[in-house]
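# Coordinate analysis (summary)
Each chain, letter by letter, is given below.
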Amino acid sequence: MTKKILFLLVFIISSLIINAQNTVIKAGHFFDARNGKMLDNQMIIVQDGIIKEVGTNLEFNKSDSIIDLSNSWVLPGLMDCHVHITANFPYRNLQMEQMYSNESTSLRAIRGTVVAKQFLDNGFTTIKEIGNDANYATADIIKAIKNGWIQGPNIIYAGKIIAPYGGQSRGVNPEHEHIWNFEYIDADTPDEIKKAIRKNIYNGATVIKLVTGVNGIYDAEDIRAAVDEAKKYNIKVTVHAHGGLAATNVITGGAAAIEHGFALNNEQLQSMKDKGIFLVGTDFSYDNWYAYGMDSETATALNNNLVDRLKRAYKIGTSMAFGTDIVVDLPELNRIESSLKVLETWKAAEIPASYILQTMTINAAELLGIDNERGILESSYFADIIAVKKNPLDDIESIKTVHFVMKEGVIIRNDKK
Ligand SMILES: [Zn+2]
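All of these numbers come straight from a predicted model, not from anything done at the bench.

### Observations concerning helix α6 (residues 190-202)
Its 13 residues give α6 an end-to-end C-alpha distance of 18 Å, which sits within 8% of 18 Å, the value for a rise of 1.5 Å per residue. Of all the positions in α6, only Ile193, Ala196, Ile197 and Asn200 are classed as buried. In an axial view of α6, the angular spread of the buried residues amounts to 100°, which keeps them on one side of the axis. Exposed and oriented more than 90 degrees from the buried face of α6 are Asp191, Lys195 and Tyr202. Where α6 is buried, its residues meet β8 (161-163), β9 (184-186), β10 (208-211) and α7 (220-232). Gly204, located one to two residues past α6, shows a positive phi value of around 110°.

The following block contains the structure:
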């Protein structure tokens, strides 16, 4: 009896293995993110959401389904390490407190599902949602994606932003602290920071975001306390800082990344390199600055500053991960089109396209702590695979021509043309 059942089990399992239908992608051109090079005529075999094999002339079963991308450039799914999917401000009218007070968490979540899908459809299979999502709106979006109710990218999630008293608000009267506490947790001592981190993790956070230098400035000890607390749960700490003492304390405290870093000097960029601290530069183009409400002259000056900072960071060799931070859409453009305007800044800084692609794939995965599962197309990695119509190494803006998206082996988009 037992023997018979065992035989039956072996039969069922082996027939499942034999008949398992894999997906075979024929890639005319293939981005090797590890080496920053384009290879020709590669095949990718995908099984159960995972890349099984990559190479030329691989053997496959007749029953496998074939995806012919022989005229396309196939890349690992892209990553944006600084997004706010639930936030949106009117063109040239960035009033944070107005959004906090006028929009509920549920409205924010609905917007977030739309923007999340836009990211996925345009080739971003992983995003780092970095806070400003009302009362943990993104935690529910992540659940909805996991439940299969909606499609969206893999989301690394910060929860509420932790900052010294005041969040990123200025001039709100003391009776209305609750306005910024909708989106921020006030934390002014290492103990308060630890408590805030535990609260965020309880609510679904998988990365911790601090802001320093907007109101109060964190000491290096504050940053270190955050890093040590988060480390207990295998989570990284990333910090909004522009430059000066605020940034120096972040570097000394050993955070994983500085977000923005608009005013970092060469010495700071060098110590970030030495300590392996990433720069997520959120490199706004002129149009982005203008959309945020700057006049032309200011927008030009701010963009020139970013071009210079990008150039210096690249020359020094600071690790960089791509991040956009766009919360104001340009007229006629959706969130992704508005976000990819930042590529104009990267181009103006003459950063090689292969390196920019690495900041969106393998480097981003390293910062996000997912480099053993995503960011490159090799066996045992998640099948997060996209294709574009033109060679992005000739012009990085070719990543705007995404026509195929696969996330964890599921085809999200495959335009027939
Ligand atoms: Zn931001």
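### Details of the pattern of salt bridges
Applying the stated criterion to the full structure yields 19 salt bridges. The closest approach of N and O atoms between Arg198 and Glu229, which form a salt bridge, is 2.8 Å. Of this pair, Arg198 sits in helix α6 while Glu229 sits in helix α7, placing them 31 residues apart in sequence. Owing to a relative accessible area of 42%, Arg198 belongs among the partly exposed residues under this scheme. For Lys341, the salt bridge goes to Asp287, with nearest N and O atoms at 2.9 Å. Of this pair, Lys341 sits in the loop between α12 (335-339) and α13 (343-348) while Asp287 sits in helix α10 (residues 286-291), and the two are 54 residues apart along the sequence. Salt bridges sharing partners connect three or more residues here, namely Lys347, Asp395, Glu397 and Lys400.

Reading guide: rules and limits
- Residues numbered from 1 in each chain as written.
- Predicted model: local features only at pLDDT ≥ 70, side-chain atom pairs only at ≥ 80, totals over all residues.
- Heavy atoms only, no water.
- Helix = DSSP H or I, 4+ residues; strand = E, 2+ residues; numbered from the N terminus.
- Expected span 1.5 Å × (residues − 1).
- Buried < 20%, exposed > 50% of the residue type's maximum accessible area, 1.4 Å probe, protein only.
- Arc of directions from axis to C-beta.
- Contact = heavy atoms within 4.5 Å.
- Salt bridge = Lys/Arg side-chain N within 4 Å of Asp/Glu carboxyl O.

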